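Residue-level listing of the chains:
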Amino acid sequence: NKALVLHGPNLNLLGTRQPEIYGFESLDDINNSLYEKAAVNGWDIRARQSNHEGELIDLIQAARLDGTAAIIINPAAYTHTSVAILDALNAFEGTVIEVHLSNVHKRESFRHHSYVSLRADGVIAGLGGQGYLAALDAVIKAASKS
Ligand code: DQA
């Protein structure tokens with residue numbers, strides 16, 4: 001069982017970027033906890049971060065063809081702007097879980113709308129790095145039911 005974890009723009013700065021909003025955990029910390037949980041459950045995960053919309057789209061397109069069962073994605077600011085990422089996810093047939101570290105609904109109104117939520121099977125916001133582990137839980141459970 002394979003899952004792809006995608007982190008969008010500026011998430012490479014986690015731990016040092018506005019830690020009062022995004023927490024002190026680094027992206028490596030988050031990815032390592034995901035790799036550990038995946039290994040325990042017999043899942044193979046790949047985590048990628050990109051600051052480039054087109055690169056995120058290329059990674060989503062590749063996942064259509066390589067047997068990836070699920071995508072866990074924090075599209076970061078592209079959440080609120082990217083029809084192209086929505087279109088790419090619409091072409092992917094597996095499970096899609098959208099994750100945000102912060103509770104976007106408690107923040108500026110431009111963060112309240114998500115294009116990706118039109119496709120996501122589930123959305124998690126406001127739980128910090130823990131949200132990714134909750135997403136992986138959901139992915140594992142969804143696969144065991146199908
Ligand atoms: C974010 C929320 C977005 O609004 C913001 O642009 C981000 C991160 C989050 O994880 O809380 O970069 O997706």
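Described below are features of the structure shown in this document. (Residues numbered from 1 in each chain as written. Predicted model: local features only at pLDDT ≥ 70, side-chain atom pairs only at ≥ 80, totals over all residues.)

What about unusual backbone geometry?
Note the threshold: Per the convention used, a helix needs a DSSP run of H or I reaching at least four residues, while a strand needs a run of E reaching at least two, with both numbered from the N terminus.
Non-glycine residue Gln-18 carries a positive phi angle of around 35°. The topology assignment puts Gln-18 in the loop between strand S1 (2-7) and helix H1 (19-22). One non-glycine residue, Ala-76, adopts positive backbone phi at about 50°. Residue placement: Ala-76 occurs in the loop between strand S3 (68-74) and helix H4 (83-90).

Digging into the site of the ligand
Stated formally: To decide nearness, the C-beta atom of each residue is placed from the backbone, and the residue is near a molecule or strand if that atom lies within 6 Å of it. Side-chain classes follow a simple rule in which Ala, Val, Leu, Ile, Met, Phe, Trp, Tyr, Cys and Pro form the nonpolar group, Asp, Glu, Lys and Arg form the charged group, and the remainder, Gly included, forms the polar group.
The full set of residues close to the ligand is Asn-10, Asn-74, Ala-76, Ala-77, Thr-79, His-100, Leu-101, Ser-102, Val-104 and Arg-111. Looking at side-chain class alone, the shell around the ligand contains four nonpolar, five polar and one charged residues.

Concerning the packing of helix H3 (residues 53-65) against H4
Quick reminder of the rule: To get an axis, a line is fitted to the C-alpha atoms, and for a helix only the part in contact is used. The angle between two axes follows their N-to-C directions and goes from 0 to 180 degrees. Under this scheme an angle from 65 to 115 degrees is roughly perpendicular, one under 35 degrees roughly parallel, and one over 145 degrees roughly antiparallel; angles in between are oblique. Whether two residues are in contact is decided by their C-beta atoms, placed from the backbone, lying within 7 Å.
Orientation of H3 relative to H4, taken along the N-to-C sense of each, is 5°, at an axis distance of 9 Å. What the angle tells us is that H3 and H4 run roughly parallel. Contact residues: H3 offers Glu-53, Leu-56, Ile-57, Ile-60 and Gln-61, while H4 offers Ala-84, Ile-85, Ala-88 and Leu-89. By residue class, the composition of the contact of H3 with H4 is seven nonpolar, one polar and one charged.

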